[in-house]
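Survey of secondary and tertiary structure
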Number of protein chains: 2
Amino acid sequence: MLAGHRTWIFDRKPVIVATGTVGGPFEGNGKIPNDFDLLHNDMWLNQDSFEKAQQVLLEDACQTAIKKANIQKDQVQFFLGGDLINQITPTSFATKTLGAPYIGLFGACSTSMEGLALGAFLVNHKGANCLLTGAVSHNAAVEKQFRYPTEYGSQKPPTSQWTVTAAGAALLKDKGDGPVVTSATIGRIIDMGLTDPFNMGGAMAPAAVDTIETHLKERGVDPSYYDVIATGDLGHIGREIALDLFKKHETWISEKQFQDCGLMIYREGQPVLAGGSGAGCSAAVAYGHLLNLMKKGEIKRLLVVATGALLSPLSYQQKETIPCIAHAVSIELGGEK
Amino acid sequence: MLAGHRTWIFDRKPVIVATGTVGGPFEGNGKIPNDFDLLHNDMWLNQDSFEKAQQVLLEDACQTAIKKANIQKDQVQFFLGGDLINQITPTSFATKTLGAPYIGLFGACSTSMEGLALGAFLVNHKGANCLLTGAVSHNAAVEKQFRYPTEYGSQKPPTSQWTVTAAGAALLKDKGDGPVVTSATIGRIIDMGLTDPFNMGGAMAPAAVDTIETHLKERGVDPSYYDVIATGDLGHIGREIALDLFKKHETWISEKQFQDCGLMIYREGQPVLAGGSGAGCSAAVAYGHLLNLMKKGEIKRLLVVATGALLSPLSYQQKETIPCIAHAVSIELGGEK
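Quick caveat: nothing in here was measured; it's all calculated off a predicted structure.

1. Remarks on helix 9 (residues 279-295) of chain B
All names here are of chain B. Spanning 17 residues, helix 9 covers 24 Å between terminal C-alpha atoms, matching the ideal 24 Å at 1.5 Å per step. At Ala 286, helix 9 shows its maximal bend, which comes to roughly 35°. With 15 of its 17 residues buried, helix 9 lies for the most part within the structure. Two residues or fewer past helix 9, Gly 297 is found with a positive phi of approximately 80°.

Below, the structure is given as structure tokens:
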């Protein structure tokens, strides 16, 4: 059902029956190591390129979800996913391994919820009984492509963020045990004219605010409906800006309730500057840490708002601004099905 | 409704109420200039980069479809689209201009039908009343990124294809006048181990054959059901391989019925080697030339099978094979609605 202009309500409540989360060594030393199903202790994952290592992260996340759901690989009807590498090759190559029909997405760091929104829509309307969706990023692969090879040792300003080495995948079914996907709001592009690729959080904050406020209005709920509203990867800077905007708009979201995946993943003291980012950040934190809190009953209603900065190294060099987007998906404890 | 594992039947028959097709100078000199709504006579479209020119192609295609449908821009509930440039920036920037909520896709040259399949699913299940989907490519932007700047004058083998400078967009509504979208089959990745980026048609042909044969089986129709089965951009080489595979599998598709968008767009004598390609190729030919033939009653049932090669310059340099995919969407004359 369409509620408002860009919010879908999923009346049949697709179930997240299993997830898989995989991280790298830096994530293993972070704040939530126990929320990863699998942690690798080197950045190469026994591959000969960082892009192939990124591919393996996603393959492992999908394989883990399939195993936990106790299904066969060929029961997966579709895979919806993407990443930030040019032409999303790590995702396409991982999907080749998976063998499932493939809907390739590009939403930068918003890909996780773009995939969950579309996947839930497909399952809700019987376009699939069982599908996988996921996203992945790899610090070294992304640094090399968007900035400089890490070996150059180039310095970054404190507003910049740290791309996580992680993948998260969710297996959605029309029935089963697990939290359910109840609604989704698709983002529109918000571009406030910022051009600094070392301050993505600041650029993305207005897009997150636009999507959250639209979601609350179109779904017809107060912010207090959600125990946690978790943005993808605004980091410290972006989160502060978003909180300021909420205050200005009189949208009453509490600081406690308003969390950020990019701030949940690393410990104090890890040199991540303004926080974590990358397509795998919200995927791994939502499908690992946050769903684990739901399992424990500590969160009953969750809104994940994955944020994406839709720039490229070339658009930056051509002095374009940074168009940003955010997609929101609500996940709730569903009771009996 | 799900028919088989990866085919959707659209019982509410979403309508393509209008389309917009835009081309460059080389396309204006091609075989079907009258099937473009707008032709530009220079490659720059008054922009200062080829990427911005590509953005304008898509903006123009969307604007044309909106104008022909006689609706306002803000009635467009979603835009689904993508292109081949890194991080699909031309599409994201064009969507910023459009202002619609945005579902970014990556399917290389299969993007056009990936978007139409998902868009039709959304409209069919009341996830939208009105949405736009499209794809775009620009010869100079793509050559620069995937191969060499054209100024280098590097030579290509006869198996290689010519990236079209074109965009195509379709406006889908739940009701209205126009051909209707009746079903879609999502592709899976087929990779026969080919590694030559100058022979995309050969690499993609098995993916096209897999999707077409699956579509016919899952929809439960003979090849003769369709007046035309049009692949995205197999070119001469890929088309021959596909016809050979059909013969081998005893899938009886006639040579006359089996067309290719990459072969329809240019005249004999234009130096396009094995034929046209690019994300805009199937979008512009399907939404222009083929739908015009439907309007004239020369085609009543059309299957468009957009093919994509999911490689990147980096995956090629790293000696990876070329994973390929094809998505099929059927468009039919719908009668009264």
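Let's pick the thread back up.
2. So, the environment of A:Phe246
Residues and elements named next belong to chain A. Structurally, Phe 246 is set in helix 7 (residues 235-248). The exposure class of Phe 246 is buried, given its relative accessible area of 1%. Measuring from C-alpha to C-alpha, the distance between Phe 246 and Ala 328 comes to 16 Å, with 82 residues separating the pair along the chain. Among residues more than four places away in sequence, those in contact with Phe 246 are Val 209, Ile 212, Glu 213, Thr 251, Ile 253 and Phe 258.

3. Observations concerning the domain arrangement of chain A
All names here are of chain A. Taken domain by domain, chain A holds domain 1 (2-173) and domain 2 (180-331). Distance from the C-alpha centre of domain 1 to the C-alpha centre of domain 2: 17 Å. Contacts between domain 1 and domain 2 engage 58 residues on the former and 65 residues on the latter. Taken together, the two surfaces of domain 1 and domain 2 that pack against each other cover about 4,900 Å², and 64% of this comes from carbon and sulfur. On the domain 1 side of the contact with domain 2, Arg 6, Met 113 and Gln 161 bury the most area, a combined 17% of that side's loss.

4. Details of the pattern of salt bridges
According to the stated counting rule, one finds 22 salt bridges over all chains in the structure shown. Put simply, B:Asp191 and A:Lys96 hold a salt bridge, and the shortest N to O gap is 2.7 Å. Residue B:Asp191 is found in the loop between strand 10 (180-185) and helix 6 (200-219), and its partner A:Lys96 is found in helix 3 (residues 89-98); the two belong to separate chains. The partly exposed category is assigned to A:Lys96, whose relative accessible area is 31%. Ionic contacts of the salt-bridge type, sharing partners, join the residues A:Arg6, A:Arg188 and A:Asp210 into one network.

5. Some details on the relation of the copies chain A and chain B
The two copies are related by a screw operation: chain A maps onto chain B through 180° of rotation and 0.0 Å of translation along the axis, at an RMSD of 0.0 Å. The operation mapping one copy onto its partner corresponds to a two-fold rotation axis. Of the C-alpha atoms belonging to chain A, the one lying closest to the rotation axis is found on A:Leu105, 2.1 Å away. Looking at the interface residues of chain A, 100% of them are also at the interface in chain B, so both copies use one shared face.

6. Brief notes about the pairing of strand 15 (residues 324-332) of chain A
The element strand 15 of chain A is extensively covered by neighbouring structure, given that 9 of its 9 residues are classed as buried. Going residue by residue along strand 15 of chain A, you find A:Cys324, A:Ala326, A:Ala328, A:Ser330 and A:Glu332 tucked away on one face and A:Ile325, A:His327, A:Val329 and A:Ile331 tucked away on the opposite face as well.

7. Thoughts on the pairing of strand 3 (residues 15-23) of chain A
Along a regular strand, successive side chains alternate from one face of the sheet to the other. Residues and elements named next belong to chain A. Of all 9 residues in strand 3, 8 are buried; the element is thus mostly enclosed. Bridge count for strand 3 against strand 4 (residues 38-39) is 2 bridges, and the pairing is parallel. Bridge pairing links Gly 23 to Leu 39 in strand 4.

8. Examining the side chain of B:Thr214
Residues and elements named next belong to chain B. Relative to the assigned elements, Thr 214 resides in helix 6. The class of Thr 214 is buried, set by a relative accessible area of 15%. A distance of 2.9 Å separates the side chain of Thr 214 from the side chain of Arg 6, its partner in a polar contact. Among residues more than four places away in sequence, those in contact with Thr 214 are Arg 6, Thr 7 and Thr 185.

9. Looking at helix 5 (residues 139-146) of chain A
All names here are of chain A. Most of helix 5 sits inside the fold, with 7 of its 8 residues counted as buried. When we look at burial in helix 5, the residues that qualify are Asn 139, Ala 140, Ala 141, Val 142, Glu 143, Gln 145 and Phe 146. Buried positions along helix 5 lie against helix 2 (50-69), strand 7 (130-137), strand 8 (162-163) and helix 10 (313-317).

10. Some remarks on the nonpolar core
Judged by nonpolar contacts, the single largest core of 103 residues is most densely connected at A:Trp8, A:Leu290, A:Leu302, B:Trp8, B:Leu290 and B:Leu302. When neighbours within four sequence positions are excluded, A:Leu290 is seen to be in contact with A:Ala230, A:Cys261, A:Met264, A:Val285, A:Ile299 and A:Leu302. The next biggest cluster of nonpolar side chains, apart from the first, holds 76 residues, and it includes A:Ile189, B:Ile88, B:Phe146 and B:Ala167.

11. Here's the deal with the interface of chain A and chain B
Listed as interface residues are 61 residues of chain A and, on the opposing side, 61 residues of chain B. Taking both sides of the interface into account, the surface hidden between chain A and chain B amounts to around 4,600 Å²; carbon and sulfur atoms contribute 65%. For the pair chain A and chain B, the interface holds 4 salt bridges. Summed over the shared surface of chain A and chain B, the number is 26 residue pairs in polar contact (both at pLDDT 80 or more). Elements with a minimum of two residues in the side of chain A that touches chain B: helix 2, helix 3, strand 6 (102-104), helix 4 (111-124), helix 5, helix 10 and strand 15 of chain A. No other element matches helix 3 of chain A, which puts 5 residues into the side of chain A that touches chain B.

Criteria and thresholds
Here the residue numbering is sequential within each chain, running from 1 through the sequence in written order. Here chains are named by letter from A upward and ligands by number from 1 upward, in the order in which they appear as written. For this predicted model, a pLDDT threshold of at least 70 governs which residues receive local features, and a threshold of 80 or more governs which side-chain atom pairs are given and counted, while totals over whole chains, interfaces and linings are taken from all residues. With hydrogens and water stripped out, all remaining heavy atoms of the structure feed into the side-chain values. Helix and strand assignments follow DSSP, with helices taken as H or I runs no shorter than four residues and strands as E runs no shorter than two, numbered in order from the N terminus. The span one expects for a helix is its residue count, reduced by one, times 1.5 Å. At every residue, the bend is computed as the angle between two fitted axes, covering the seven residues ending there and the seven beginning there respectively. Residue exposure (1.4 Å probe, protein chains only): buried if accessible area is under 20% of the type maximum, exposed if over 50%, otherwise partly exposed. Should any heavy atoms of two residues lie within 4.5 Å, those residues are counted as being in contact. Domains are outlined according to an automatic or database domain assignment. Two parts placed together each lose some accessible area; with a 1.4 Å probe, that loss summed over both constitutes the buried area. Salt bridges, as used here, are contacts in which a Lys or Arg side-chain nitrogen is within 4 Å of a carboxyl oxygen on Asp or Glu. The fit set for superposing copies consists of C-alpha atoms from residues with pLDDT of at least 70 in both; the fit itself is least squares. Strands were regarded as paired on the criterion that DSSP finds at least two bridges between them. Polar contacts, as counted here, are pairs of nitrogen or oxygen atoms within 3.5 Å of one another; within protein the pair requires one atom able to donate a hydrogen and one able to accept it, and residues that are adjacent in sequence qualify only if both atoms are side-chain atoms. We define the nonpolar core as a collection of buried residues of types Ala, Val, Leu, Ile, Met, Phe, Trp, Tyr and Cys that are connected through side-chain atoms lying within 4.5 Å of one another.

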